[in-house]
Amino acid sequence: MNSNVEERVYDSLIGILVEPISGIEDAFRSGSDCDRKYEEIYALYTRIKQATNQEIVHLDLDRIIDLMLEIQRILCYKMFRYGVMYECLNNNKDDR
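Here the structure is a predicted model, which is why all the values come from computation and not from measurement. (Residues numbered from 1 in each chain as written. Predicted model: local features only at pLDDT ≥ 70, side-chain atom pairs only at ≥ 80, totals over all residues. Heavy atoms only, no water.)

**Q** I'm lost on the overall build of the protein in this one. Help?
**A** Scanning the protein from terminus to terminus reveals 3 helices and 0 strands. Its helices and strands in sequence order give the protein the pattern α-α-α, from N to C terminus. Taken against the 2.2 N^0.38 rule, which gives 12 Å for 96 residues, the C-alpha radius of gyration of the protein at 18 Å runs more than 25% over that of a compact globule. The principal-axis extents of the C-alpha atoms in the protein amount to approximately 65 × 25 × 20 Å. (Helix = DSSP H or I, 4+ residues; strand = E, 2+ residues; numbered from the N terminus. Rg over C-alpha atoms; globule rule 2.2 N^0.38 Å.)

**Q** I would appreciate a short explanation of helix α1 (residues 4-13) in the present structure.
**A** Note: α-helices contain 3.6 residues per turn, so residues at a spacing of three or four share the same orientation. Among all positions in α1, only Glu6, Val9, Tyr10, Asp11 and Ser12 are buried. A positive backbone phi angle near 80° is found at glycine 15, which sits one or two residues after α1. (Buried < 20%, exposed > 50% of the residue type's maximum accessible area, 1.4 Å probe, protein only.)

**Q** Is there a simple way to explain the packing of aromatic side chains in this structure?
**A** Each pair of aromatic rings is reported with the distance of its centres and the angle of its planes. Considering all chains together, one arrives at 3 aromatic pairs under this definition. Ring geometry for tyrosine 10 and tyrosine 77: centres 5.7 Å apart, planes at 85°, overall edge-to-face. Of this pair, tyrosine 10 sits in helix α1 while tyrosine 77 sits in helix α3 (residues 55-95); the two residues are 67 residues apart in sequence, bridging distant segments of the chain. Ring geometry for phenylalanine 28 against tyrosine 38: centres 6.2 Å apart, planes inclined by 85°, an arrangement best described as edge-to-face. One end of the pair, phenylalanine 28, is in the loop between α1 and α2 (33-51); the other, tyrosine 38, is in helix α2, and 10 residues separate them in sequence. Using a relative accessible area of 41% as the deciding quantity, one classes tyrosine 38 as partly exposed. (Phe/Tyr/Trp six-rings, centres within 6.5 Å; stacked < 30°, edge-to-face > 60°.)

**Q** I'm lost on the state of the cysteines in this one. Help?
**A** A disulfide bridge is the covalent bond that connects two cysteines by way of their sulfur atoms. The tally for this structure, following the rule as stated, stands at 0 disulfides. Unpaired in terms of disulfides, cysteine 34 finds its nearest cysteine sulfur in cysteine 76, a separation of 9.0 Å. With a relative accessible area of 32%, cysteine 34 lands in the partly exposed category. Classification of cysteine 76 as partly exposed rests on a relative accessible area of 28%. (Disulfide = S-S within 2.5 Å.)

In structure tokens, the structure reads:
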């Protein structure tokens, strides 16, 4: 189960919160590396869909994109948890 904090950090990071967490940069802001890569992916996705006239291919492409976005979310949540864990470990070392 994901904590509300994880979710808010992730949603701030990808720029979908109306009121993002202060200090967390929108990774998809205009002109950013993620924005440029997403635009390239979308252009390729559109080109493939235009080149094929088969609905099944379109559905498969949509599913691939959805699954990749879900993998991204899972990895980001894990990275957040690992960051919290390592921060706690480092703080405990400092207390000794």
